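# A closer look at the structure
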Amino acid sequence: MPSTPAQLNTYKSSVALCTYNGARYIQEQVESILRQTLPVDEIVICDDGSTDNTLQIVESLQTKTPTNIRIFRNETNLGICANFQKAVNLCNGDIIFLSDQDDIWLPQKTQMITEWFSKNPCKNVVFSDAYLINESGELISKDTLFERIGFAKKYREYFDDGCELSVFYYCNHATGATMALRKQYQFAQYCSPHILHDEVIALLSIQESSLGYISEPLVNYRIHSTQGMSIPASIEDSEKRFNEEHILNPTLHSTRTSRWSFPLSDNTQSYKEFLHIRIKNKLSAVGFLLPLFRIKQYKLLYNNRYTSFMHYDMVASAKHTLFRIGRKFHLPSYQK
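Residues numbered from 1 in each chain as written. Predicted model: local features only at pLDDT ≥ 70, side-chain atom pairs only at ≥ 80, totals over all residues. Heavy atoms only, no water.

### Some words on unusual backbone geometry
Positive phi, normally seen in glycine, also occurs at N21, with a value near 50°. Relative to the helices and strands, N21 resides in the loop between β1 (13-19) and α2 (26-34). For S209, which is not a glycine, the phi torsion comes out positive at approximately 55°. Of note, S209 is situated in the loop between α9 (197-207) and β8 (211-222). When its relative accessible area of 43% is taken as the criterion, S209 is described as partly exposed. (Helix = DSSP H or I, 4+ residues; strand = E, 2+ residues; numbered from the N terminus. Buried < 20%, exposed > 50% of the residue type's maximum accessible area, 1.4 Å probe, protein only.)

Right, here's the structure in full:
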């Protein structure tokens, strides 16, 4: 049975909202945060040197609401990762919601996420699905964010079976605009220019088995020409981009390894080392058969979950093999 807002009020909540020249959308976003069925206790806005009237808009909103809105302007441009770290560290809530400047939150977002944390005391970080909207706020696709970024149902099932690191190794599926974390969860010491804040948070929490997700869309995720990150135009494009960038790219392994620049636990280091062996298997024309010859290694590292990992690798390798065959023989569906 869902908890009521009154039952969840024991949790203090903060929003870490980072802005930079976001005047076009910032009012709509802040107003959506203020309309939550479970009101937030504070909104911490860190502006990274906007040259438009972003600050004037949020200052105007600050005077019109009883919600505590705290505004900070950086003296120098910090960049996305460091700016979010600053905003998170300034938050006082038990639960901290990360927020981009150009989206629209659905009214039940804070209530559902707070309830999720209440029911999952061992988890520190959660992210959700989102609807996709255009510059005017209109839905642009029946696909959701999860489907576009390769975290569709089958990959969520692999994630649930313990394959979190495998699913996230090639690319991050936890979008920061949908993410929330507990206050005691700190990632500030791991800021890196090579990796965005949401991926740092996701990979670190995966090591502790403390990352979770909510399949229901809780945000209208805006796609527009001036946003910093882009997502694939379709599910098919998502699959194609994944294969082109991560399977056909010869610099994959060195690039990916360099992004893991923060300390790894002993167990995660073992996963990572075996992942490299598994990746090489996937790149082979008969890679989908090779897990059968490494059953002992799978059992040793993954214990009673080894069959899930073997199945994941065999399916992934077969898909990559079909992709490469399609490219080689110029089949239409595999062309750019």
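### Some remarks on the nonpolar core
Membership of the largest hydrophobic core comes to 40 residues, with the highest contact counts inside it found for L98, F127, F151, F168 and L211. Examining the composition of this core, we find that six residues originate from one element, α9, more than from any other. Beyond its immediate sequence surroundings of up to four residues, L98 is in contact with A16, F84, V88, W105, G176, A177, M179, L181, H197 and I201. Within the second largest apolar cluster, 31 residues are counted, among which are L17, V30, V126 and Y221. (Core = buried A, V, L, I, M, F, W, Y, C linked by side-chain atoms within 4.5 Å. Contact = heavy atoms within 4.5 Å.)

### Focus: the packing of aromatic side chains
This structure, assessed with the given rule, holds 13 aromatic pairs. Here F127 and F146 contribute two aromatic rings whose centre-to-centre distance is 5.7 Å and whose plane-to-plane angle is 65°, an arrangement assigned as edge-to-face. Of the two residues, F127 is situated in strand β6 (residues 125-133) and F146 in helix α6 (residues 145-148); the sequence distance between them amounts to 19 residues. Take F127 and F146: they sit in the same class, and that class is buried. Here F146 and F151 contribute two aromatic rings whose centre-to-centre distance is 5.1 Å and whose plane-to-plane angle is 90°, an arrangement assigned as edge-to-face. Like F151, F146 is buried. The structure contains a cluster of three or more aromatic residues connected by ring pairs, namely F127, F146, F151, F159, F168 and Y213. Geometry around W105 places K109 over its ring, the cationic atom sitting 4.7 Å from the centre. (Phe/Tyr/Trp six-rings, centres within 6.5 Å; stacked < 30°, edge-to-face > 60°. Lys NZ or Arg CZ within 6 Å of the ring centre and 35° of its normal.)

### A few points about the environment of P107
One can find P107 in the loop between β5 (104-105) and α5 (109-119). Counting along the chain gives 75 residues from P107 to S32, while the straight-line C-alpha distance between them is 7.1 Å. Beyond its immediate stretch of four places on either side in the chain, P107 contacts R35, Q36 and T37.

### A closer look at helix α7 (residues 153-160)
Those residues of α7 that fall on the buried side of the exposure criterion are Y155, R156, Y158 and F159. Mapping the buried residues of α7 onto a view down its axis gives an arc of 155°, with all of them on the same face. The exposed residues of α7 that point more than 90 degrees off its buried face are K153 and D160. Of the residues trailing α7, G162 is marked for its positive phi of about 105°. (Arc of directions from axis to C-beta.)

### Section: the pattern of salt bridges
Scanning the entire structure with this criterion turns up five salt bridges. For E28, the salt bridge identified is with R222, shortest N-O distance 3.0 Å. Highlighted residues: E28 in helix α2 and R222 in strand β8, separated in sequence by 194 residues. The class of E28 is partly exposed, set by a relative accessible area of 36%. Notably, a salt bridge pairs R70 with E42, separated by 2.9 Å at the nearest N-O pair. Residue R70 is found in strand β3 (residues 68-73), and its partner E42 is found in strand β2 (residues 42-47); the two are separated by 28 residues along the sequence. (Salt bridge = Lys/Arg side-chain N within 4 Å of Asp/Glu carboxyl O.)

### Quick look at the environment of L145
Along the chain, the position of L145 falls in helix α6. Take L145: its relative accessible area is 1%, and that puts it in the buried class. Each C-alpha atom of the pair L145 and N220 lies 9.4 Å from the other, and the pair is 75 residues apart in sequence.

### Some remarks on the side chain of N83
Within the secondary structure layout, N83 lies in helix α4 (residues 80-90). Discounting chain neighbours no more than four positions away, the residues touching N83 are C18, T19, C46, D48, N74 and L78.

### As for the pairing of β3
Strand direction decides the pairing type here: β2 and β3, joined by six bridges, are parallel. From the neighbouring strand, I45 faces β3, where its bridge partner is I71. Between the parallel elements β2 and β3, the chain passes through helix α3 (residues 54-62) in a crossover that is right-handed. (Pairing = 2+ DSSP bridges. Right-handed = clockwise from strand over helix to strand, strands pointing away.)

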